[in-house]
Amino acid sequence: RKEDKTFSDREMIIRALSPSKFKRLLSFSLSFHTHPNLINPAPSIPPPVFHPQQHPYSLNPAKTLFLRPFSSPPNTQFPPPPLTRDGNYDESTSQSLLICPGCGIPMQGVDRGKPGFFVKPLPKSLDYKQPINQSRFLEETHISDSVKTGMLTEPENAEQENPNPNSNSSLHEKPLVCSRCHSLRYYGQVKDPTVENLLPDFDFDHTVGRRLNLVTGARTVVLMVVDAVDFDGSFPRVVAKLVSKTIDENYRGWKEGKSGNVPRLVLVVTKIDLLPSSIAPDTFKRWVRARARDGGASKLTSVHLVSAVRDWGLKNLVDDVVGLAGRRGQVWAIGAQNAGKSTLINAIGKCVSGSVTHLTEAPVPGTTLGIVRVEGVLPGQAKLFDTPGLLHPHQISTRLTRVEQRLVHISKELKPRTYRIKAGHSVHIAGLMRLDIEESSADSIYVTVWASPLLPLHMGKTEKISTMLEDHFGRQLQPPIGQSRVAELGEWVRKEVRVSGNCWDSSSVDIDAAGLGWFAIGLKGEAILGVWTYDGVDLSVRNALVAHKSRNFEVAGFTISKIVSKADQASNKQQKNEITKKKKKKVKKPRDSDAAAPAASISLTFDVQPNSS
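Residues numbered from 1 in each chain as written. Predicted model: local features only at pLDDT ≥ 70, side-chain atom pairs only at ≥ 80, totals over all residues. Heavy atoms only, no water.

K.L.:
Got a minute to help me understand the overall build of the protein in this structure?
P.N.:
Of regular secondary structure, the protein possesses 17 helices and 16 strands. By the burial criterion, 43% of the 613 residues in the protein qualify as buried. Put simply, of all contacts in the protein between residues at least 6 apart along the chain, 76% involve residues at least 24 apart. Of the roughly 35100 Å² that the protein leaves accessible, carbon and sulfur atoms contribute 53%. (Helix = DSSP H or I, 4+ residues; strand = E, 2+ residues; numbered from the N terminus. Buried < 20%, exposed > 50% of the residue type's maximum accessible area, 1.4 Å probe, protein only. Contact = heavy atoms within 4.5 Å. Areas by Shrake-Rupley, 256 points an atom, 1.4 Å probe, with all protein chains shown as cover.)

K.L.:
Would you explain the pattern of salt bridges in this entry?
P.N.:
One pass over the full model with this rule turns up 15 salt bridges. Note that D232 and R542 form a salt bridge whose closest N and O atoms lie 2.5 Å from each other. Residue D232 is located in helix α8 (residues 231–234), and its partner R542 is located in strand β15 (residues 539–543); the two are separated by 310 residues in the primary sequence. For the pair D232 and R542, one class covers both residues: buried. (Salt bridge = Lys/Arg side-chain N within 4 Å of Asp/Glu carboxyl O.)

K.L.:
Please explain the side chain of K271 as it appears in this structure.
P.N.:
With respect to the helices, strands and loops of the structure, K271 is situated in the loop between β2 (264–270) and α10 (281–294). On the accessibility criterion, K271 (18% relative accessible area) is buried. When residues no more than four places from it in sequence are discounted, the contact partners of K271 are D227, A228, V306, N338, A339 and G340.

K.L.:
Which parts of the structure should I look at to understand the packing of aromatic side chains?
P.N.:
Working definition: an aromatic ring pair is given by the centre-to-centre distance plus the angle between the planes. Going through the model one piece at a time under the given rule, you end up with 8 aromatic pairs. Plain terms: the ring middles of F231 and W287 are 5.5 Å apart, the flat faces sit at 65° to each other, and that makes the pair edge-to-face. Taken together, the residues span a long stretch of sequence, with F231 in helix α8 and W287 in helix α10 at a distance of 56 residues. Accessibility expressed as a relative area gives 2% for F231, which makes it buried. A residue is classified by how much of its surface remains accessible, and W287, at 11% relative accessible area, is buried. In textbook terms, an aromatic cluster arises when at least three aromatic residues are bridged by ring pairs, as seen for F231, F235, F284 and W287. Over the aromatic face of W518 sits the side chain of R542, whose NZ or CZ is 5.0 Å from the ring centroid. Geometry around Y446 places K549 over its ring, the cationic atom sitting 4.9 Å from the centre. (Phe/Tyr/Trp six-rings, centres within 6.5 Å; stacked < 30°, edge-to-face > 60°. Lys NZ or Arg CZ within 6 Å of the ring centre and 35° of its normal.)

K.L.:
Mind showing me how you'd approach the pairing of strand β13 (residues 509–513) here?
P.N.:
Looking along a regular strand, one sees the side chains alternate between the two faces of the sheet. Counted residue by residue, β13 has 5 buried out of 5 residues, so it is predominantly covered. Here β13 shows two buried faces, one formed by V509, I511 and A513 and the other by D510 and D512. Both β13 and β15 contribute to a ladder of 5 bridges, which runs antiparallel. By the bridge assignment, D512 is partnered in β15 with S540. (Pairing = 2+ DSSP bridges.)

K.L.:
Hey, could you run me through helix α11 (residues 314–325) in this one?
P.N.:
An α-helix turns once per 3.6 residues; consequently, residues spaced three or four apart project the same way. With 12 residues, α11 extends 16 Å from end C-alpha to end C-alpha; this agrees with the ideal 16 Å at 1.5 Å per step. Where α11 is concerned, the buried positions are L314, L317, V318, V321, L324 and A325. Along α11, the residues classed as buried sweep out an arc of 135° about the axis, all on the same side. For α11, the exposed residues lying more than 90 degrees away from the buried face are K315, N316 and G323. Directly beyond the C-terminal end of α11, a positive phi value near 75° is found at G326. (Expected span 1.5 Å × (residues − 1). Arc of directions from axis to C-beta.)

K.L.:
Whenever I open this one, the packing of α11 against helix α12 (residues 341–352) confuses me. Can you help?
P.N.:
Packed helices, taken two at a time, are described by the angle their axes make and the gap between the axes. Running from N to C, α11 and α12 point in directions that differ by 85°, and their axes come no closer than 10 Å. In terms of their interaxial angle, α11 and α12 are classed as roughly perpendicular. Along its contact with α11, which presents L314, K315, L317 and V318, the element α12 presents L344, A347, I348, C351 and V352. Tallied by class, residues from the contact of α11 with α12 come to 8 nonpolar, no polar and 1 charged. (Axes fitted to C-alpha atoms, helices over the stretch in contact; angles between N-to-C directions. Parallel < 35°, antiparallel > 145°, perpendicular 65-115°, else oblique. Nonpolar A, V, L, I, M, F, W, Y, C, P; charged D, E, K, R; others polar.)

K.L.:
Would you mind showing me how to read the sheet that holds strand β6 (residues 383–386) here?
P.N.:
Within a sheet, adjacent strands bond to each other through the backbone by hydrogen bonds, running parallel or antiparallel. Pairing within the open sheet is mixed, and its 6 strands lie in the order β3-β2-β1-β4-β6-β5. The sheet terminates laterally at β3 (302–305) and β5 (372–374), the two strands that pair on one side only. Adjacent strand axes in the sheet meet at a mean angle of 25°, parallel and antiparallel pairs treated alike. In this sheet, strand β4 (residues 330–335) lies alongside strand β1 (residues 220–227) in parallel orientation, the contact comprising 6 bridges. Bridge pairing links L223 to A333 in β4. Contacting β2 and β3, α10 runs over the sheet at an angle of about 130° to β3.

K.L.:
What is the right way to read unusual backbone geometry from this model?
P.N.:
Residues other than glycine predominantly adopt negative phi, and peptide bonds predominantly adopt the trans conformation. Note the cis peptide between Q478 and P479, where omega equals -10°. Checked against the element boundaries, P479 lands in the loop between α14 (465–471) and α15 (484–489). In the segment running from P479 into P480, the intervening peptide bond is cis, with an omega of 5°. Within the element layout of this structure, P480 appears in the loop between α14 and α15. In this structure, K271 takes a positive phi of about 60° despite not being glycine. Unusually for a residue other than glycine, D311 sits at a positive phi of about 60°. Relative to the assigned elements, D311 resides in the loop between β3 and α11. Taking relative accessible area as the criterion, D311 reaches 52% and is therefore assigned exposed.

Here it is, written out as structure tokens:
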């Protein structure tokens, strides 16, 4: 009876307390009843210490049914492997190392500050996705004796069969990836980009080049992946020249009767959905072949225009690659960073057999760190390899921060922005590129900008350029974000370009900056242009990719954008603060000596008036 009375009294107290105080009292009550020997503990005996790993259900039993550990601490069974980008292209090496299926880096579970770190999740039961039966807790109007005593019983239907037996099957099971791939997939960014600097540069000659030089072995197909909106900047000239040279040497040996493995070079132009829909495919393909020939790819087997996002051209590409590789061939996807290789391979996997590949996709340069062998995509024993992106220092995007790269990145169909200007005027693309019309035989020139719509533009007189550099670079003209970043990007240099055209209706010449965009020039006559950008950025002059221009012309000044509006608001606020400070300095409080002087003069005049009368 004393115990029943104690329970009722304690229950009344608990109901009157706040939830936070209730938790403390509940844990104390449970430990009080689960340890009857501690009803009158001796002063020398220390209180029991709570250990979550030994007694995970003694702190708050009301929430223990919802406690589900999903990950474990770092796994020391996987020591740090050697830092390499070879990945799992070698079957003997891949069996001894655990390779991340997302980026191809060897995985380790010890050091978070090194590439390939991962946390191995704890195994889950078959019914871990089943909803928890909370009816017992919802029906109770008071605290049950089971909660008070810490004895929680499972629902009666807890042992029912798993309603979804294929939930944990290997077909739908998510792969185990490194922490970097996990951050890119779910957060779109890398926590510590400096970790990637520990890896050596990807050596194309060591991995793929030496296999191309073999006169025997499996047939080799090289997929040279190029970005459609940055063709010249992402075109791998070194790879194109090396593969073309190998084709010539092996083909010459094969004609002489020697054994020769002649590689096949397939040019794949991705992201064609970002180009204007007015471009004719046949015209664009001829333009691509001409630019590839100028870049060193003189022995192209075929050219494919694809879009991995909209599945354009994938079926023809797969049929061509399967026919070239045969049953035992090796297919290597080569391209610059952020050219779309991993996205293309994932789309090919879905197109061929509906199988889902697990390559990590992100709009971040250098997503793939090592060579990844993709299984189940090509028929027979043919193998498909995804390789790390080739670093092109001549691309301006490699110098930008992650935030600045998002502004430069093109994710929607390009729209033209056209200016009609005369000699003595300039056009800026953010703080990254400038075009000066220095001399022109025509009265006006049509300049069309093809770049990310997030980048602000400015058109004005060339004589006011010094003011633009001092007042607007890093503010209204971003990127670079912040005036301190202007000096970090390098020296601002000029390149002279002479252009000529036959009509104003269409553009005839493009001036392209690698990793940024291009100016399309339309004129009838000749002109001398000055193109400014940072030192080391590759500038190329080519035939116009898109001939048409915008119907509506831009006006002088800044274009309407969020960057310009925010910068204007900040500058206006700063000007108001400066004006307010100046007014406060002018308006000063009168001193005591100054206040006494007028009083004396007043009294003096007052005393003089009677004498004068």
